[in-house]
Amino acid sequence: MSTPVGSSQWIYASGAAGFYPYSIDNSVRMSDASNSQIYWQAGTPSSGNIWTASFWFKKYSIGAGQAANEMFSAGSSGAAYMFWSWDSNEKFTFQSTADGNKGNTTGSPVFRDVGAWYHMVIRADTTQGTQADRLRVYLNGEQLTTWGTDSIGTSAWDYINASGFNQYWGGASGIANANPGCNFYLADINFCDGQSYAPTEFGETKNGLWVPINPSVTYGNNGYRLEFKQTGTGADANGIGADTSGNNNHFTVAGVTAHDVVPDSPTLNYPTWNPLVNTGQTLTFAEGNLNLDASSTFWSSGTWNQSTMGVVGGSDAKYYFEFTMNGNTSGSYVIGVGRQNSSAIDTTHYTGGVVYYYNRCSSDSTNTVTGLTVASSLTIIRLAFDASNGKVWIGNNSGWFNSGDPAAGTGEVGTISGYDGEMLVAILNRSTNTGDQVVNFGQDDTFAGFKPSGSASATDNNGYGTFYYTPPTGFLALNSASLPETTIGPNSAEQADDYFDTILYTAATSNGTYTHGNLSFRPDFSWIKNRNNVERHFLIDSVRGNTSVFDKFLVSNSTSGEGANGTSGTTFSVTDTGYEFVEVSINSGELYFNNRTYVGWNWKAGGSSNTFNIDGTGYATASAAGLTGGNIAADAASISKTAGISILKYTGDGSSSPYSTIKHGLDSPPEFYICKSLDAGNADNWVFFHTLADGTHDFMYLNLTSANSNSAINFPPTSTTVKVGGNATNENNKNFLMIAMHSVQGLSKFGSYIGNGSADGTFVYTGHRVKWLMVKNTNNAATSWWIMDTKRSTFNVMNDFLFPNLSNAESASTVLFADFLSNGFKIRNGTYAETNASGNKYIYLAFGDNFKYPNAR
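Residues numbered from 1 in each chain as written. Predicted model: local features only at pLDDT ≥ 70, side-chain atom pairs only at ≥ 80, totals over all residues. Heavy atoms only, no water.

## Concerning the pattern of salt bridges
Working step 1: Here the structure, examined in full by the defined rule, presents 24 salt bridges.
Working step 2: Notably, a salt bridge pairs Asp 576 with Arg 522, separated by 3.0 Å at the nearest N-O pair. Taken as a pair, Asp 576 in the loop between strand 33 (570–574) and strand 34 (579–583) and Arg 522 in the loop between strand 30 (512–516) and strand 31 (525–530) lie far apart in primary sequence, 54 residues in all.
Working step 3: You can call Arg 522 partly exposed: its relative accessible area is 37%.
Working step 4: Of the charged contacts, one joins Asp 849 and Lys 771 as a salt bridge, the two residues approaching to 3.0 Å between their closest N and O atoms. With Asp 849 in strand 54 (residues 841–850) and Lys 771 in strand 48 (residues 768–777), the pair connects residues that are 78 residues apart, well separated along the chain.
Working step 5: Overall, Lys 771 belongs to the partly exposed group, its relative accessible area being 27%. (Salt bridge = Lys/Arg side-chain N within 4 Å of Asp/Glu carboxyl O. Helix = DSSP H or I, 4+ residues; strand = E, 2+ residues; numbered from the N terminus. Buried < 20%, exposed > 50% of the residue type's maximum accessible area, 1.4 Å probe, protein only.)

## Here we look at the sheet that holds strand 46 (residues 748–754)
Working step 1: Spatially, 46-54-48-49 is the arrangement adopted by the four strands of the open sheet, whose pairing is antiparallel. What marks the edges here is a single partner per strand, and that holds for strand 46 and strand 49 (786–789). Ignoring which end each strand starts from, the neighbouring axes of this sheet average 20° apart.
Working step 2: In the sheet, strand 46 pairs with strand 54 via seven bridges, with the strands oriented antiparallel. Following the sheet pairing, Gly 751 is matched in strand 54 by Tyr 844. (Pairing = 2+ DSSP bridges. Axes fitted to C-alpha atoms, helices over the stretch in contact; angles between N-to-C directions.)

## Brief notes about unusual backbone geometry
Working step 1: Here the residue pair Ser 657 and Pro 658 is connected by a cis peptide bond, since its omega of 0° sits within 30 degrees of zero.
Working step 2: Looking at where Pro 658 falls in the secondary structure, it is placed in the loop between strand 38 (645–651) and strand 39 (660–663).
Working step 3: In the segment running from Asn 796 into Val 797, the intervening peptide bond is cis, with an omega of 15°.
Working step 4: In this structure, Val 797 sits in the loop between strand 49 and strand 50 (800–801).
Working step 5: Residue Ser 548 is not a glycine yet carries a positive backbone phi of 55°.
Working step 6: Take Ser 548: it is sitting in the loop between strand 32 (537–541) and strand 33.
Working step 7: Of note, Asp 615 is a non-glycine position whose phi angle comes to about 55°, a positive value.

## Observations regarding the packing of aromatic side chains
Working step 1: Under the counting rule described, the total for this entry stands at 59 aromatic pairs.
Working step 2: Each ring, one from Phe 55 and one from Phe 57, has its centre 5.9 Å from the other, and the planes form 35°; the classification is tilted. Comparing Phe 55 with Phe 57, the two get one shared label, buried.
Working step 3: Pairing Tyr 224 with Phe 251 gives two aromatic rings, centres 4.6 Å apart and planes at 65°, and the pair type is edge-to-face. Taken together, the residues span a long stretch of sequence, with Tyr 224 in strand 14 (residues 224–226) and Phe 251 in the loop between strand 14 and strand 15 (252–254) at a distance of 27 residues.
Working step 4: A residue is classified by how much of its surface remains accessible, and Phe 251, at 0% relative accessible area, is buried. (Phe/Tyr/Trp six-rings, centres within 6.5 Å; stacked < 30°, edge-to-face > 60°.)

## Looking at the sheet that holds strand 29 (residues 500–506)
Working step 1: With antiparallel pairing, the four strands of this open sheet are ordered in space as 29-35-31-32. Because the sheet does not close on itself, it has two edges, and the strands there are strand 29 and strand 32. Each neighbouring strand pair of the sheet contributes to a mean axis angle of 15°, computed without reference to strand direction.
Working step 2: Summarising the sheet, strand 31 and strand 32 pair through five bridges and their orientation is antiparallel. Bridge pairing in strand 32 links Trp 527 to Leu 539.

## Focus on the environment of Ala 508
Working step 1: Tracing the backbone shows Ala 508 in the loop between strand 29 and strand 30.
Working step 2: Note on Ala 508: relative accessible area 13%, which makes it buried.
Working step 3: When the C-alpha positions of Ala 508 and Tyr 592 are compared, they lie 8.0 Å apart, and in sequence the two are 84 residues distant.
Working step 4: What Ala 508 contacts, discounting residues up to four positions off in sequence, is Tyr 514, Ile 586, Tyr 592, Asn 594 and Asn 595. (Contact = heavy atoms within 4.5 Å.)

## Some thoughts on the side chain of Thr 502
Working step 1: Its location among the elements puts Thr 502 in strand 29.
Working step 2: In this structure Thr 502 comes out as buried when scored by relative accessible area, which is 6%.
Working step 3: Beyond its immediate stretch of four places on either side in the chain, Thr 502 contacts Val 599, Gly 600, Trp 601, Asn 602, Asp 789 and Lys 791.

## Some thoughts on the pairing of strand 13 (residues 209–212)
Working step 1: Burial of the side chains of strand 13 extends over both faces: Leu 209 and Val 211 are buried on one face and Trp 210 and Pro 212 on the other.
Working step 2: Of the strand pairs in this sheet, strand 12 (residues 203–206) and strand 13 are connected by four bridges, and their pairing is antiparallel. Within strand 13, the residue paired with Lys 206 across the bridge is Leu 209.
Working step 3: The hairpin formed by strand 12 and strand 13 contains two residues between the paired strands, and Asn 207 there has a positive phi angle of roughly 50°.

Here you go:
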């Protein structure tokens, strides 16, 4: 764990002085439209058999939008070549005419995350006797063990590192069969001739993230390092392609200009427009996703997009960015901040004008900025947003509208009502228009080369960003350094995996005592499911006891109360790092059966069993814990305000009119709570109360496929209480379990989305890297709940599903699949009712970790 830090965004920035042990300051933006390429002609190599390439990259084009996909290549103008690139399915691949070998990508991940940076190491050594060791590929420090190749010979790979052959990053127009363009950012390229290096020479794991270090390596004759610290052009020490390894192997650049060197980097991540958002229109992105290219019929009415990074609230959380419209002086646009409304930006309440203050929550047009017009095709629109209170200011070349003064906090064009601490920068078109819609979050004050003359670059108060206008005092560029630290996060005292983590284990083949898991906490709630057989889900918690037990398990796909539930011959205990099984009948039961594989999802709450814990502090009574004051007092509780989870055991009082209240012990209203009867004679459903679908109090059943219903209780949770009533949640003198949760920044996000019925499915912004996801269609009464996690599906595409309401074994679905990303998740399966039926609303529970320091996935 790292040292605790304060919550101020002013003090802790990316770079060597902050979270990262080493700072990468620049990247170069490569573009297919510009035929970008960086190349040099290799000299005599130190070794034609052994080399290592390490590089960071951030993609900004995927799918049909990726017109070109070359990453790293070498060869001659004839038929001799080697390419490293993405195929049409977004998998990394290579092909070579050397020895007649051709690579493939069987089982490798897809690369479709545009919100953050990847690190890759390609490690070649054809002198190795073992086929698998001759070519090794690593992604974010982890070897791609499913990488598949045809037979790799032991002769020299002279096309990648041979005298007189050109090496290319990006397009490779000088090589036969090559594509001249590419669409990604590149940073800190290291090529080591004659050396086979592990990824740990270039990066390290810090609190669960792969971060760069300053390499201390031998470069060899043809080695080089490209850090893109310079400006200008040409293969010289002062150029963009300057080699900083000391070898002076300087690169020539083509289709790259000075404004393509930007501060967006693996240690200072900037947002862009998001090509993963499907608005039902074909959007054309350019210039690193900062430019929405509207050269033809791009803008139809209601087309919108949003940023890849949210503007997060907190003390002194203030942000500034700029926007211009190139080639269009009419029409109506929205530019501002707002929430993603399920699968679309809400446009109902905005009419007239050119530029608007964006407020999805407004029920009228009173916040429309009608007096702010575009004077020319290159008018610079500036926007300041105070995320601590929701105030928005908009200005243009003439100054701030409404005589605004963001630094003084006066003259705002409006305040976002119901601001919940995290918004997205949004753009919307109100009519059919053409022209380029270009944003600058601080990474390019030339607006992709469209910058008007007569202005000077300006930075924010922390020295970050380059802007057309000087940002108001106190307002920062929107980037990872400016986002406030969270209580749970990689640069805080506690990380997300201190509160949620997954265990995979395989049962032994004989009787005995066995331990499994490598958790950093003692679980208070565990959910275990067999993966390769039809067996039930087993749920256990510390409130009812989870040590030396065989009869406390609940089953999510059953109405039965607590009991043995098929655990014959097995005694179970949680440990400080996972599970212990004492097995006396290895061929019976379901929880630990001979050689079967299992997954266990685990949450930390307040602490040990049969006490009234709030964040680990034990209380002797419910009254002492502050859990009295409702109609029903908890009999036992384990509560973490930090993690937003409350586990309660209570005795029903039989009341249903009026309904009874229970204090949940959290400091915010739960967004959902699950109630389950415990007594053996009570065959009741798992009642899933929630406010996720429409903000009112609804319910479904976790053990059934039923659709969403409005709760008769009709009592949204408060910051102190929830309500129960009826036999399934409050039968007189019967025992019940309740699990209540609310979203916590850096750990969890609960919400809803609308399916679009397209193979290019809905993108859902969560504000953190997703590691576990549960989803249910609220409209369809015949659809199952489903769960995915990154321990079972280690790379995208995610398609290993389990169903809480079914005992089915895990299967790699061909119709149920999605991508987990650095900032959310993206449904990828067309019209399938479980995930993406057109117009259907889905609720989701997502656990992950912080977006301030992400790796792309």
